[in-house]
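Chains, contacts and geometry: an overview
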Amino acid sequence: MRSYTREDILRMVEEEDVGFIRLQFTDIFGTFKNVAITTSQLVRALDNQCMFDGSSIEGFARIEDSDMYLRPDLNTFEIFPWRPQQGKVARMICDVYKTDGTVLESDPRHVLKRVLRQAEEMGYRFDVGPECEFFLFHTDDDGLPTTLTHERATYFDLGPLDLGENARRDMVLTLEDMGFIIESSHHEKAAAQHEIDFHYDEALSTADNIVTLKMVVKTIAKRHGLHATFMPKPKYGVNGSGMHLNLSLSRDGVNVFPDPEDPKGLSREAYYFIGGIMKHIKAITFITNPTVNSYKRLVPGYEAPVYIAWSAKNRTPLIRIPASDPASTRVELRSPDPSANPYLALAVCLAAGLDGIRSQILPPDSVDANIFEMSEQERSAAGIERLPGSLLEAAREFQEDAYIRSVLGEELAEKYIRAKTREYAEYRAQVTEWETERYLHVL
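Being a predicted model, the structure only gives us computed values, none of them experimental. (Residues numbered from 1 in each chain as written. Predicted model: local features only at pLDDT ≥ 70, side-chain atom pairs only at ≥ 80, totals over all residues. Heavy atoms only, no water.)

**Quick word on the overall build of the protein chain**
- The helix and strand inventory of the protein chain stands at 13 helices and 18 strands.
- The C-alpha radius of gyration of the protein chain comes to 22 Å, within 12% of the 22 Å expected for a compact globule of 443 residues.
- By principal-axis analysis of the C-alpha atoms, the protein chain measures approximately 70 × 55 × 45 Å.
- Counting over 443 residues, the protein chain shows a buried share of 54%.
- Here the analysis covers contacts within the protein chain between residues at least 6 apart in sequence; of these, 70% occur between residues at least 24 apart.
- For the protein chain, the exposed surface amounts to about 20,300 Å²; the carbon and sulfur share of it is 48%. (Helix = DSSP H or I, 4+ residues; strand = E, 2+ residues; numbered from the N terminus. Rg over C-alpha atoms; globule rule 2.2 N^0.38 Å. Buried < 20%, exposed > 50% of the residue type's maximum accessible area, 1.4 Å probe, protein only. Contact = heavy atoms within 4.5 Å. Areas by Shrake-Rupley, 256 points an atom, 1.4 Å probe, with all protein chains shown as cover.)

**Comments concerning helix H6 (residues 268-288)**
- The end-to-end C-alpha distance of H6 is 26 Å, clearly below the 30 Å that 21 residues give at a rise of 1.5 Å each.
- Along its length, H6 reaches its greatest deviation from straightness, about 75°, at isoleucine 281. (Expected span 1.5 Å × (residues − 1). Bend = angle between axes of the 7 residues up to and from the residue.)

**Description of the packing of aromatic side chains**
- Summed over all chains, the structure comprises 15 aromatic pairs.
- Their ring planes at 55° and their centres at 6.0 Å tell us that tyrosine 424 and tyrosine 427 sit as a pair that is tilted. Remark: tyrosine 427 and tyrosine 424 occur in helix H12 (residues 410-428); sequence separation between them is three residues, near one turn of the helix.
- With a relative accessible area of 34%, tyrosine 427 lands in the partly exposed category. (Phe/Tyr/Trp six-rings, centres within 6.5 Å; stacked < 30°, edge-to-face > 60°.)

**Some words on the side chain of glutamate 195**
- Along the chain, glutamate 195 falls in strand S9 (residues 193-198).
- Glutamate 195 gets classed as buried once you look at its relative accessible area, which sits at 4%.
- For glutamate 195, the residues in contact, after removing those within four places along its chain, are Glu131, Cys132, Glu133, Phe134, Arg168, Ser184, Ser185, His186 and Glu188.

**Focus on the state of the cysteines**
- Applying the stated rule across the entire model yields zero disulfides.
- Left without a disulfide partner, cysteine 50 is nearest to the cysteine sulfur of cysteine 94, which lies 7.9 Å away. (Disulfide = S-S within 2.5 Å.)

**Some words on helix H4 (residues 165-177)**
- Under the 1.5 Å per step criterion, the end-to-end length of H4 is 18 Å for 13 residues, consistent within 8% with the ideal 18 Å.
- For H4, the secondary structure elements touched by its buried residues are strand S7 (125-138), strand S8 (182-187), S9, helix H5 (203-223) and strand S11 (226-229).
- Positive backbone phi, at 95°, marks glycine 179, one or two positions downstream of H4.

**Side note on the pattern of salt bridges**
- Tallied over the full model, the rule gives 24 salt bridges.
- Residues aspartate 355 and lysine 279 are paired through a salt bridge, measuring 3.8 Å at the closest nitrogen-oxygen approach. With aspartate 355 in helix H8 (residues 342-359) and lysine 279 in helix H6, the pair connects residues that are 76 residues apart, well separated along the chain.
- With a relative accessible area of 10%, aspartate 355 lands in the buried category.
- In this structure, glutamate 385 and lysine 282 form a salt bridge, with 2.8 Å as the shortest nitrogen-oxygen distance. Within this pair, whereas glutamate 385 is found in strand S18 (residues 385-386), its partner lysine 282 is found in helix H6, the two being separated by 103 residues in sequence.
- If you follow the salt bridges from partner to partner, you end up with Asp73, Asp95, Arg109, Lys113 and Asp208 in one network. (Salt bridge = Lys/Arg side-chain N within 4 Å of Asp/Glu carboxyl O.)

**Observations regarding the side chain of histidine 244**
- On the secondary structure map, histidine 244 appears in strand S12 (residues 243-251).
- Side chain to side chain, histidine 244 and glutamate 332 meet in a polar contact 2.9 Å long.
- In contact with histidine 244, other than residues within four places in its own chain, are Gly129, Pro130, Glu131, Arg297, Glu332, Leu333, Arg334 and Pro336. (Polar contact = N/O pair within 3.5 Å; in protein donor to acceptor, adjacent residues only side chain to side chain.)

**So, the environment of glutamate 183**
- Of note, glutamate 183 is situated in strand S8.
- A C-alpha to C-alpha distance of 24 Å links glutamate 183 and alanine 347, two positions 164 residues apart in sequence.
- Separated by 2.7 Å, the side chains of glutamate 183 and histidine 199 make a polar contact.

**Looking at the packing of H4 against H5**
- Relative orientation of the contacting elements H4 and H5 amounts to 135°, with a least axis distance of 9 Å. What the angle tells us is that H4 and H5 run oblique. The chirality of how H4 crosses H5 is right-handed. Only Leu213, Val216, Val217, Ile220 and Ala221 of H5 make contact with H4, whose side of the interface consists of Ala167, Asp170, Met171, Thr174 and Leu175.
- Taken together, the residues that form the contact of H4 with H5 break down as eight nonpolar, one polar and one charged. (Axes fitted to C-alpha atoms, helices over the stretch in contact; angles between N-to-C directions. Parallel < 35°, antiparallel > 145°, perpendicular 65-115°, else oblique. Left-handed = near helix turned anticlockwise from the far one by under 90°. Nonpolar A, V, L, I, M, F, W, Y, C, P; charged D, E, K, R; others polar.)

**Re unusual backbone geometry**
- Note the cis peptide between glycine 159 and proline 160, where omega equals 5°.
- By the secondary structure assignment, proline 160 is in the loop between S7 and H4.
- The phi torsion at glutamine 360 lies on the positive side, around 50°, for a residue other than glycine.
- You can call glutamine 360 exposed: its relative accessible area is 54%.

**Considerations on the packing of helix H3 (residues 108-121) against H8**
- Between H3 and H8, the shortest axis-to-axis distance is 8 Å and the interhelical angle comes to 20°. By the angle class used here, H3 and H8 are roughly parallel. Considering how the two elements wind past one another, H3 and H8 form a crossing that is left-handed. In this structure, H3 uses Pro108, Arg109, Val111, Leu112, Val115, Leu116, Gln118 and Ala119 to contact H8, whose residues at the interface are Tyr343, Leu344, Leu346, Ala347, Leu350, Ala351, Leu354 and Arg358.
- Grouping the constituent residues of the contact of H3 with H8 by class yields 13 nonpolar, one polar and two charged.

**Observations concerning a nonpolar patch on the surface**
- A contiguous nonpolar patch, built from Trp434, Tyr439, Val442 and Leu443 and spanning about 490 Å² of accessible area, is present on the exposed surface.
- Its place among the elements puts tryptophan 434 in helix H13 (residues 433-439). (Patch = residues over 30% accessible without salt bridge, like charges linked within 9 Å, V, L, I, M, F, W, Y side chains within 5 Å.)

Scope: geometric values only; no functional claims are made or implied.
Pasting the structure below:
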């Protein structure tokens, strides 16, 4: 774990000939923003004196109290390997503060920090290993993105079938240059779909790494003349892109989820953690699957979960326990997608799991059969419910779950609900190509 000091930053900037520094943060939807400074302003940035207009950022502030300060997290200092070697470009991820010196409650990074403190008070460290999927598409003559690809590769194919192999290799090498530990990368099931998995880490570092990975993937794709998209379902009829989250808790450096005496190898804390997530999953879905398009992925037939169940034996449920040695026992939540704000997504998942532990919420029995092959009657008899089927349905579930809503805080929760219901209303008002093809010639 890094522990950079102010002097370390000043020394590295001078030694590495850094000429430009990006002070990065995210809006409430997880989109990376930045204020760029030259090294002449670095001391001012390290003194937390860099200001920006918060009213210009979705969900941050009203125009009458819009001045915000950026406080850099020194441990996030990175030099971009793809920028010039003279006058290099570096970045630091920042927390957002108000002019009175208090933290901005709507800052997503702060929301995650707040829940992590609750876990720490209970004696836990929260580790997360994400599995990030994305598509690589051609661009048009103007450099604009399309959904076109010439390849027909599928799971684990290699070149020449995998036409994105060179771009993906450069992404991995760039990420390793920036300190990532990449465990694997490969072609996914759909044509032009890829996955990069990096080593698990403490949740705040993981959230920082997810937004950084998305920036790197898009940047390197562009250098290869491609467009990388983390849109959950960019094309009809093929698998969508997920962001499975592998979650674990440790105490004093020891994973608390395994129990060799249990038939499934799980401790009571692991069962309670699963129980808490399952109790709150409908509301969680509003955060982990936050776009209209997210719900085009959560449909039967494309490997994404649809039903609320768990298993240690198969991949069809919402939650599975991957096979591993006991020290690596983890809970894999399979519903999230990469359009989610990772800070908020990890915050609500952890908060739900902690609620399960505090309240000793046991999950229902595991479902070890293929849920998609079960009849509706069999699923009903087993008490298996469905995930929300639309962004609007998920918004209503979030509105009704006071506990998960409180994780964001009432102000951020209301801003988020308002923005997403507006998004759904705009989508609902559209006339799509499917509708014209279906109705125009017959009605």
